[in-house]
Structure formats: structure tokens, C-alpha cells
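The lines below spell out each chain.
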Amino acid sequence: ALTLLAAMDPADQAAPEAVTLMAECYGMLQRPADAADLFAKAAKREPQNAEHYYQAAIWYERAGDTEKARTFAKTAAMMGHEAAKEMEKSAG
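This one's a predicted model, so the numbers in the text were calculated from it and none came from an experiment.

Enquirer: Sorry, what's going on with the nonpolar core here?
Expert: Counting residues in hydrophobic clusters, the biggest one holds 29 residues, and the most contacted among them are Tyr60 and Phe72. Residue assignment for this core shows that the elements contributing at least two residues are α1 (2–6), α3 (16–28), α4 (32–45), α5 (50–63), α6 (66–78) and α7 (82–91). Setting aside anything within four residues of it in sequence, one finds Tyr60 in contact with Ala36, Asp37, Ala40, Asp65, Lys68, Ala69 and Phe72.

Given below as C-alpha cells:
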């Protein structure tokens, strides 16, 4: 699936569904940092979308990059994302 998605037009790859599916594929391949980077790029493209920041935080946490995870969770929380607020609280 990842090979097919990677061959798509970049504009199509930027669709939220494609980003999510690609991230899931990277997760199955034990590449959470790549999944996090996808959501970080999506957040840069759509800075008003708190879900992108939250998903980047989750994937960075899975990759062991707690600093980036906190940064993205904080941004999502400031945007009103409830799950990100909880993630930020539990991070300390």
C-alpha cells in the first residue's frame, strides 16, 4: 500500500486520508518517525488543523522523540484539541 501511495501525485498524498494511511503503513513497518514526519508536514500545510499536530505528537512519542511530541501536543492543546490536552498533562 505504501508503494502505491508514494507513487501518487503529491497533492493527492496530502489528502488527510492518504496521510493517515501512509502513517499507518510506516507504523506497521516499525518506522514511527516517518509517520510523525508525515503529520508534521501535514500540520505545516494546514496549520489550523489541530488533529495533524496531535497525530504528529502521538507518532513522535512512539518514535521516542519526547521533545517533539511535547511541542506538537502543546500546539494541538492550545488549539483546543481535548486529547492533546490530556496528553500534555500526562507528559508532565
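Right, picking up where we left off after that structure.
Enquirer: Which parts of the structure should I look at to understand the packing of α4 against α5?
Expert: Each pair of packed helices can be described by the angle between their axes along with the distance between the axes. Remark: α4 packs on α5, axes separated minimally by 8 Å, with the N-to-C direction vectors making an angle of 160°. In terms of orientation, α4 lies roughly antiparallel with respect to α5. With respect to the hand of their crossing, α4 and α5 are arranged in left-handed fashion. Together, Pro32, Ala33, Ala35, Ala36, Asp37, Phe39, Ala40, Ala42 and Ala43 of α4 and His52, Tyr53, Gln55, Ala56, Trp59, Tyr60, Arg62 and Ala63 of α5 make up the contact between the two elements.

Enquirer: I'm lost on the confidence of the model for the chain in this one. Help?
Expert: Caution applies to low-pLDDT regions: their predicted coordinates should not be interpreted in detail. Within the chain, residue pLDDT values average 94, and 99% of them lie at 70 or more. Confidence, read as mean pLDDT per element, is least for helix α2 (residues 10–13) in the chain (88) and greatest for α5 (97).

Enquirer: How should α4 be read in this particular structure?
Expert: Given 3.6 residues to a turn, an α-helix orients residues that are three or four positions apart in the same direction. Taking 1.5 Å per residue, 14 residues should reach 20 Å; α4 reaches 20 Å between its end C-alpha atoms and fits that length. Every buried residue of α4 is listed here: Ala35, Ala36, Leu38, Phe39, Ala40, Ala42 and Ala43. Next to the buried residues of α4 lie α3, α5 and α6.

Enquirer: Got a minute to help me understand the packing of aromatic side chains in this structure?
Expert: Taken as a whole and assessed by the stated rule, the structure comprises two aromatic pairs. Between the aromatic rings of Tyr53 and Phe72, the centroid separation amounts to 5.9 Å while the plane-to-plane angle is 35°, which identifies the pairing as tilted. Remark: Phe72 occurs in helix α6 and Tyr53 occurs in helix α5; sequence separation between them is 19 residues. On the basis of relative accessible area, Tyr53 is assigned to the buried category, the value being 13%. When the ring of Tyr60 is compared with that of Phe72, the centres are 5.5 Å apart and the planes differ by 35°; the resulting orientation is tilted. A residue pair is termed long-range when its members are at least 10 positions apart, and Tyr60 in helix α5 and Phe72 in helix α6 qualify at twelve residues. Looking at Tyr60, the relative accessible area reads 5%, which means it is buried. Among the aromatic side chains, those forming a connected cluster through ring pairs are Tyr53, Tyr60 and Phe72. Just above the ring of Trp59 sits the side chain of Arg62; from NZ or CZ to the centre is 4.3 Å.

What counts as what
Residues numbered from 1 in each chain as written. Predicted model: local features only at pLDDT ≥ 70, side-chain atom pairs only at ≥ 80, totals over all residues. Heavy atoms only, no water. Core = buried A, V, L, I, M, F, W, Y, C linked by side-chain atoms within 4.5 Å. Buried < 20%, exposed > 50% of the residue type's maximum accessible area, 1.4 Å probe, protein only. Helix = DSSP H or I, 4+ residues; strand = E, 2+ residues; numbered from the N terminus. Contact = heavy atoms within 4.5 Å. Axes fitted to C-alpha atoms, helices over the stretch in contact; angles between N-to-C directions. Parallel < 35°, antiparallel > 145°, perpendicular 65-115°, else oblique. Left-handed = near helix turned anticlockwise from the far one by under 90°. pLDDT = per-residue confidence, 0-100. Expected span 1.5 Å × (residues − 1). Phe/Tyr/Trp six-rings, centres within 6.5 Å; stacked < 30°, edge-to-face > 60°. Lys NZ or Arg CZ within 6 Å of the ring centre and 35° of its normal.

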